[in-house]
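Survey of secondary and tertiary structure
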Amino acid sequence: MENDKIDLRKYINAIKRGWVFGSISALCILALAVTWCFLKMPQFNSTAMMLIENDSDNSPRTMGGMGALMRTFSIGGFGSSSIDNEVVIAQSHSVKKSVSSRLGLNRTYLERNGLAKTFLYKNSPVRVEAPAQLFDTLQTSFKIRFEIDGDKVDVKATKGMFGKVLAEKKGVVLPCSLETPYGIFQLMKTDHYVEGMNKTIDVVVSGDELVVSNMGEDILNVNYHNKKSNVIELNIVDPSKERGCDILNTVMTVYNEKRKNRRNETAEAEAEFLDGRIALLSKELNDAENKVASFKKDNNLVDIGAEVSVLFHKDKATDTEMLELTVQRSMLESILAQLKNPEKDYSLIPLSESLGDAGASSVIRSYNELILKRMAVSESAKSDNIVLKSLTERIDALRENAIENVNRTLENLQIKYDSAKDVNVKNRGRLNTLPQYEQEYVDLMRDKELKNALYMFLLEKRESAMLKLNNNQELGFVFEPAYSALKTNKQKIYLILGIGFACALVSFVVVSLVWGYRRNKKD
């Protein structure tokens, strides 16, 4: 304990002898922290909120029990999205990239006044323009400085901390072009350019990918407002109130455009599928009606249904089962035909909620997911893109697997149908006591009613698809457009001051001890 006290006194004495130098180092560090906070551009919080509404099926409900049975098959439907999916879409890479391109976030304008900087948004006296493809492929950032002196402008493009010169022009008159290793940029005046002005403007030019990578959750955050509601809250920290609000509003606009395009693609695929089925079924229904009419005329019948109604109702249970199996088989045959159609190799398969086999449903769902990925990649990629080729090969392989699964499911349905039909034949054995024409009439009417019910269901689904296609309602209702807080965000300033104070305290102790020990040794 005595040695410890002696050592502690030595430290205190050393600090007392070197406190001047320690204080100087601490003050220097505090001065740097305060200078950084003073020169840092103010940051503002902006907020917006959007209600995610259900894109429900508004088709009429007029088919009773038959409609309830048929609606177990959601032809072309992909189900309602959870709020989690909408959050992911709103903060996705493609949405941010579209926002960057539309608002020109790949060019940041700053006015230099000594060490101080002023952020310029929509009020810069100059602007830098280049083809959109250049910003899309640019993988780095660099700075273009405008030294405006009257009517003449000195322009210099530099890159990196040490200011490597990429291009330079002196005494030019705007507009002019500047050729850099990354491409040719057009330098122009704006409406805010005043003749004879003297200003220094820095333009930071970045690629869209770099802008997106810098737009992390600490800058742009999309999340639940609270978990009990379907409201998405968007927040951003930006040196410009107006730009922050524009970014949030544009994010919501791009999100709604993507959701609307997705809904239209789904509705178009559904309508195309239903048109083919309706045309085929219409011919079959006409044939069935003509057979019934010819049968009545040939046998001079008026209302034979009343005579066989009792036996017909006894067959209802078996008929319902056969009807379900027939509908499932019809849907599967249509899906199989589309899978085998070379013209629709890379089109979405209308997915049924129940295909009679979980394996077939899973394979078709996976197939549709790959098709959607290929559509997304093909929008921006060339035909020889590696990712696009890989997706194409996977889709081709999965298509064969899907055909095999659908064929197997059809075989299983046929076995069930044959079994149900055998039961139906036994139940209808009692009809043998009736004249032969009565049995034929029952068969004809059953076939007609089945086709008519299926035809009405398909018409209803097609009407629903057309309503979706022509529906301009946005999935995300922007009930709170972007607004900015009146006060600046000082969180980072407080953090830097705290770190600076801690570093100054450590520096004071360390420097004081070092200088104190050195003076002790000299003495």
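Computed from a prediction, not measured in an experiment: that's the story for all the values here.

Points about the overall build of the protein
- Along the protein, the regular secondary structure elements total 13 helices and 13 strands.
- For the protein, with 523 residues in total, the buried portion stands at 41%.
- Pairs at least 24 residues apart make up 76% of the contacts formed inside the protein by residues separated by at least 6 positions.
- Within the structure as shown, the protein displays about 29300 Å² of accessible surface, and the carbon and sulfur contribution to it stands at 54%.

Observations regarding the packing of aromatic side chains
- Within the structure shown, the criterion is met by three aromatic pairs.
- Each ring, one from Phe142 and one from Tyr182, has its centre 5.4 Å from the other, and the planes form 20°; the classification is stacked. Of this pair, Phe142 sits in strand 5 (residues 141–149) while Tyr182 sits in the loop between strand 8 (176–180) and strand 9 (183–189); the two residues are 40 residues apart in sequence, bridging distant segments of the chain.
- The exposure class of Phe142 is buried, given its relative accessible area of 3%.
- Using a relative accessible area of 27% as the deciding quantity, one classes Tyr182 as partly exposed.
- Seen from their ring centres, Phe142 and Phe185 are 5.5 Å apart, and the 70° between their planes marks the pair as edge-to-face. One end of the pair, Phe142, is in strand 5; the other, Phe185, is in strand 9, with 43 residues separating them in the sequence.
- Overall, the relative accessible area of 0% leaves Phe185 in the buried class.
- Members of the aromatic cluster, joined through ring pairs, are Phe135, Phe142, Tyr182 and Phe185.

Topic: the sheet that holds strand 6 (residues 152–159)
- The six strands lie next to each other as 3-2-10-5-6-7, forming an open sheet whose pairing is antiparallel. Where the open sheet ends on each side, the last strands, each with one partner, are strand 3 (116–120) and strand 7 (164–172). Across the sheet, the mean angle from the axis of one strand to that of its neighbour is 20°, orientation sign disregarded.
- Alignment of strand 5 against strand 6, held across seven bridges, turns out to be antiparallel. Bridge pairing links Phe146 to Val155 in strand 6.

Focus on the confidence of the model for the protein
- Looking at the protein as a whole, its pLDDT mean stands at 78, while 81% of the residues score no less than 70.
- A low-confidence stretch, residues 57–81 stays under pLDDT 50, and its non-local contacts, those more than four residues away or across chains, total 56 contacts.

Some details on the pattern of salt bridges
- Counted by the stated rule, this structure contains 16 salt bridges.
- In this structure, Glu111 and Lys199 form a salt bridge, with 4.0 Å as the shortest nitrogen-oxygen distance. In this pair, Glu111 is assigned in strand 2 (residues 107–113) and Lys199 in strand 10 (residues 198–206), connecting sequence segments 88 residues apart.
- Taking relative accessible area as the criterion, Lys199 reaches 30% and is therefore assigned partly exposed.
- The network of salt bridges with common partners includes Lys97, Asp136 and Glu209.

So, the pairing of strand 7
- Here strand 6 pairs with strand 7 via six bridges, running antiparallel. Paired with Val153 across the two strands is Val172, which belongs to strand 7.
- Linkage of strand 6 to strand 7, two consecutive antiparallel strands, is achieved through a turn of four residues, within which Gly160 is found at a positive phi near 85°.

Thoughts on the side chain of Asn405
- Within the secondary structure, Asn405 sits in helix 11 (residues 386–427).
- Under the relative-accessibility criterion, Asn405 is labelled buried at 7%.
- Of the polar contacts made by the side chain of Asn405, one reaches the backbone oxygen of Asn401; its length is 2.8 Å.

Considering the nonpolar core
- Ranked by size, the top nonpolar core spans 28 residues in total, and within it Ile144 and Phe146 carry the most contacts.
- Those elements that place two or more of their residues in this core are strand 4 (126–129), helix 5 (132–137), strand 5, strand 6, strand 7, strand 8, strand 9 and strand 10.
- The element contributing the most residues to this core is strand 5, with four residues.
- Ignoring anything within four residues of it in the chain, the contact list for Phe146 reads Val126, Val128, Val153, Asp154, Val155, Leu174, Leu187, Lys199, Thr200, Ile201 and Val203.

Some words on unusual backbone geometry
- Cis geometry is found at the peptide bond from Leu174 to Pro175, where omega equals 5°.
- Despite not being glycine, Lys122 shows a phi value in the positive range, around 70°.

Observations concerning the sheet that holds strand 4
- Spatial strand order, 4-9-8: three strands in an open sheet with antiparallel pairing. Among the strands making up the open sheet, the edge pair consists of strand 4 and strand 8. Across the sheet, the axes of successive neighbouring strands diverge by a mean angle of 25°, strand direction being ignored.
- Examined bridge by bridge, strand 4 and strand 9 share four bridges and lie antiparallel to one another. Looking at strand 9, one finds that Glu129 is bridged to Gln186.

Parameters and conventions
Per chain, the residues get numbers from 1 upward, laid out in the order the sequence is written. Totals for whole chains, interfaces and linings use every residue, but because this is a predicted model, local features are given only for residues with pLDDT of at least 70 and side-chain atom pairs only at 80 or more, for both listing and counting. Side-chain numbers come from the whole structure's heavy atoms, not from hydrogens or water. Numbering of helices and strands runs from the N terminus, with a helix taken as a DSSP run of H or I at least four residues long and a strand as a DSSP run of E at least two residues long. Exposed residues in this analysis have more than 50% of their type's maximum accessible area, buried residues have under 20%, and partly exposed residues fall in between, with area computed by a 1.4 Å probe over protein chains only. In this analysis, two residues are considered to be in contact whenever any of their non-hydrogen atoms come within 4.5 Å of each other. For the accessible areas, the method is Shrake-Rupley and the probe is 1.4 Å, while residue cover comes only from the protein chains on display. A pair of Phe, Tyr and Trp rings is counted when the ring centres sit within 6.5 Å of each other, with Trp represented by its six-membered ring. The angle between the planes then sorts it: under 30 degrees is stacked, over 60 is edge-to-face, the rest tilted. Pairing between two strands is assigned when DSSP locates at least 2 bridges connecting them. For every element, the axis is a line fit to its C-alpha atoms; helices are fit only across the contacting stretch, and the angle between N-to-C directions ranges from 0 to 180 degrees. Confidence of the predictor at the level of single residues is captured by pLDDT, which takes values from 0 to 100. In what follows, salt bridge is the name for a side-chain nitrogen of Lys or Arg lying within 4 Å of a carboxyl oxygen of Asp or Glu. N or O atoms within 3.5 Å of each other form a polar contact, as long as, within protein, one can give a hydrogen and the other can take it, and as long as residues adjacent in sequence are counted only when both atoms are side-chain atoms. We define the nonpolar core as a collection of buried residues of types Ala, Val, Leu, Ile, Met, Phe, Trp, Tyr and Cys that are connected through side-chain atoms lying within 4.5 Å of one another.

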